[in-house]
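Residues per chain, in single letters:
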Amino acid sequence: MHILIDNKSGTPIYDQIYSQIKSQIISGELQENEILPSIRGLAKDLRISFITTKRAYDELEKEGFLYTIPAKGCYVAPKNVELLREETLKKIEDHIDQILKLAASCNLSKDDIVSMILFAMEGQE
Amino acid sequence: MNAIEIKNLTKSFPGFTLNNLNLTLPGGCILGLIGENGAGKSTTIKLILDIIHKDSGSITILGRDNTENILLTKEEVGVVMDEIGIPECLTVKQIGNVMAHTFRNWDASAYQALVQRMDLPEKKPFKDFSRGMKMKLGIAIALSHNCKLLLLDEATSGLDPVVRDDVVEILSDFTRDVNHSILVSSHIVSDLEKLCDYIAFLHKGKLLLWEEKDVLLAEYGVIHCTAEQLQSIPLEAIKHKKESPYGVEALVLRSRVPSDLHISPISIEELFVYMVKEAQ
């Protein structure tokens, strides 16, 4: 597992840990049921607050990417296809949001946007 | 269990009062106590250790009242003050022998290992130590009697960046254990900031703030903008501002600022300066 912390980037440290572990789980670099470093161990190795690592793990657990066995540790959860789909849908929605904002800034009409998307889809076929 | 619990602590000296202080260090955590020179940090630590006596309030260390059997409690507390009081003619080894007769739980092999890891000279007498060496020795002693709570009073100020880095590493090793807690007091935290779980600001004997560090960093940010742009931010979101003829720098609550303005992250030190200015 790799975790690279950048203190100078504006992203909170817990977020950096969270998104890096998550992407390694999604890509399969971290395998199902693989044990993750302990919260305290990770905090020590990264030399950061243990609350920071705990928050990253809590977030991942809440979203179903890992599970905890009390007194044993945290493990990578089996991949949940539904969850991954939802994640991707959310990303698409975010991008659409951005498209709409950009479109509004140069007065594109609804039809213009639709035709641009249709055009792009034709290009990919 | 809380490692330290301070309730309504008051202590008056001529010209200075530590006023009704409430402070908690949850077990297994690191608390950074930050304050300007003379804010009351050392007074607080001395009161915790009952070196000076409180006027009123209560202090609990590792679950015990600090006036009951403080000697026994001190076995479990490692303390490093900004001056290390060691007889000047002693060498590292001789100091180890003295400590072996001072602490019931003295761990000679841990001491030996720390001294080696910190690269301290074996034959030099203490008086020839540099400030960095003295501090490292202080930390080595504090960590060699199986303590559960470490109190560091300005222990890293005046150290060079390389030594500070060593100290950070040793402290983060120490907190690997769930039962180990640290209180670090300083007027500068910089490199210790990352380690801290909780942050407390002390200013002129009063507690300005006590909060989880990540919450503070998520809550506050700095904005650099023009005076016109600043008007688009609700007044209650602006905690403090510095104006120049060319623009404004403001401490803001992130959640209340319109999303099109860029907010830069803030360091704990910057936040402290803003908070103190606001309090004045």
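Just so we're clear, the structure is a prediction, and the values are computed from it rather than from any experiment.

Thresholds, definitions, all that
- Residues numbered from 1 in each chain as written.
- Chains lettered and ligands numbered in written order.
- Predicted model: local features only at pLDDT ≥ 70, side-chain atom pairs only at ≥ 80, totals over all residues.
- Helix = DSSP H or I, 4+ residues; strand = E, 2+ residues; numbered from the N terminus.
- Contact = placed C-beta atoms within 7 Å.
- Buried ≥ 20, exposed ≤ 12 C-beta atoms within 10 Å, placed from the backbone.
- Domains from an automatic or database assignment.
- Pairing = 2+ DSSP bridges.
- Axes fitted to C-alpha atoms, helices over the stretch in contact; angles between N-to-C directions.
- Nonpolar A, V, L, I, M, F, W, Y, C, P; charged D, E, K, R; others polar.
- Core = buried A, V, L, I, M, F, W, Y, C linked by C-beta atoms within 7 Å.
- Parallel < 35°, antiparallel > 145°, perpendicular 65-115°, else oblique.
- Left-handed = near helix turned anticlockwise from the far one by under 90°.
- Expected span 1.5 Å × (residues − 1).

(A) Quick look at the overall build of chain B. The number of helices and strands found in chain B is nine helices and 14 strands. Each principal axis of the C-alpha atoms in chain B carries an extent, and together these give about 70 × 40 × 35 Å. Taking the contacts inside chain B whose residues are at least 6 apart along the sequence as the reference set, 69% of them involve residues at least 24 apart.

(B) Up close: the overall build of chain A. Scanning chain A for helices and strands turns up five helices and two strands. The order of helices and strands in chain A, counted from the N terminus, is α-α-α-β-β-α-α. With respect to the three principal axes, the spread of C-alpha positions in chain A is 60 × 35 × 20 Å. When each of the 125 residues of chain A is scored for burial, the buried share is 20%.

(C) Broad picture of the environment of S267 of chain B. Residues and elements named next belong to chain B. With respect to the secondary-structure elements, S267 resides in the loop between β14 (263–264) and α9 (268–279). S267 gets classed as partly exposed once you count the C-beta atoms within 10 Å, which come to 14. Along the sequence, S267 and A39 sit 228 residues apart, while their C-alpha atoms lie 20 Å from each other.

(D) Seen up close, the domain arrangement of chain A. Assigned domains of chain A: these are domain 1 (13–76) and domain 2 (81–124). For domain 1 of chain A versus domain 2 of chain A, the separation of C-alpha centres amounts to 32 Å.

(E) Broad picture of unusual backbone geometry. All names here are of chain B. The residue N146 is not glycine, and still its phi comes out positive at about 50°. Relative to the helices and strands, N146 is located in the loop between α5 (131–142) and β7 (149–153). A positive phi angle is found at E154, which is not glycine, with a value near 55°. Residue placement: E154 occurs in the loop between β7 and α6 (161–174). Judged by the 20 C-beta atoms lying within 10 Å of it, E154 is buried.

(F) Region of interest: the sheet that holds strand β4 (residues 56–61) of chain B. Residues and elements named next belong to chain B. Across the sheet, which stays open at both edges, the four strands sit in the order β2-β1-β4-β5 with antiparallel pairing between neighbours. The sheet is open, and its two edges are formed by β2 (16–26) and β5 (64–65), each paired on a single side. Pairing of strand β1 (residues 2–13) with β4, which is carried by five bridges, proceeds in the antiparallel orientation. Across the sheet, residue E5 finds its bridge partner in β4, namely T60. The sheet contacts of helix α1 (residues 41–48) involve β1, β2 and β4, and relative to β1 the element is tilted by about 115°.

(G) Molecular detail of the domain arrangement of chain B. All names here are of chain B. Domain parsing of chain B yields domain 1 (2–204) and domain 2 (216–279). Between the C-alpha centres of domain 1 and domain 2 the distance comes to 34 Å. Per-element accounting of the side of domain 1 that touches domain 2 gives the leading share, three residues, to strand β9 (residues 198–203). Of the residues belonging to the side of domain 1 that touches domain 2, the class tally is five nonpolar, two polar and two charged.

(H) Quick look at the pairing of strand β10 (residues 206–212) of chain B. Pairing between β9 of chain B and β10 of chain B: six bridges, direction antiparallel. For F201 of chain B, the partnering residue across the bridge sits in β10 of chain B and is L209 of chain B.

(I) Quick peek at the environment of V276 of chain B. Residues and elements named next belong to chain B. Positionally, V276 belongs in helix α9. Assessed through the 19 C-beta atoms surrounding it within 10 Å, V276 is described here as partly exposed. Measuring from C-alpha to C-alpha, the distance between V276 and H203 comes to 6.9 Å, with 73 residues separating the pair along the chain. Excluding its chain neighbours within four sequence positions, the residues that come into contact with V276 are E36 and H203.

(J) A look at the interface of chain A and chain B. Every contact between the two is made by 13 residues of chain A and, on the other side, 19 residues of chain B. Contributions of two or more residues to the side of chain A that touches chain B are made by α2 (39–46) and α3 (50–62) of chain A. At four residues, α3 of chain A tops the list of elements feeding residues into the side of chain A that touches chain B.

(K) Up close: the environment of L18 of chain B. Residue placement: L18 of chain B occurs in strand β2. Discounting residues that sit within four places of it in the chain, L18 of chain B has contacts with L9, T10, K11, G40, T43, T44 and G205 of chain B.

(L) Focus on the nonpolar core. Residue and element names in this part refer to chain B. Counting residues in hydrophobic clusters, the biggest one holds 90 residues, and the most contacted among them are L31, I34, L151 and A200. Of all the elements, α5 adds the most residues to this core, at seven residues. Dropping the residues within four chain positions of it, I34 is found in contact with S186, H187, V189, I199, A200, F201, L202, I268 and F272.

(M) Spotlight on the packing of α2 of chain A against α3 of chain A. Residues and elements named next belong to chain A. Interhelical geometry of α2 versus α3 gives an angle of 125° and a closest axis separation of 8 Å. When the axes of α2 and α3 are compared, the pair comes out oblique. Our pair here, α2 against α3, has a crossing hand that is right-handed. On α3, the residues touching I39, R40, L42 and A43 of α2 are F50, T52, T53, K54 and Y57. Grouping the amino acids of the contact of α2 with α3 by side-chain chemistry returns five nonpolar, two polar and two charged.

(N) Seen up close, helix α5 (residues 110–124) of chain A. When the terminal C-alpha atoms of α5 of chain A are compared, their 22 Å separation across 15 residues agrees well with the 21 Å that a helix rising 1.5 Å per residue should span. The element α5 of chain A is barely covered by neighbouring structure, given that only zero of its 15 residues are classed as buried.

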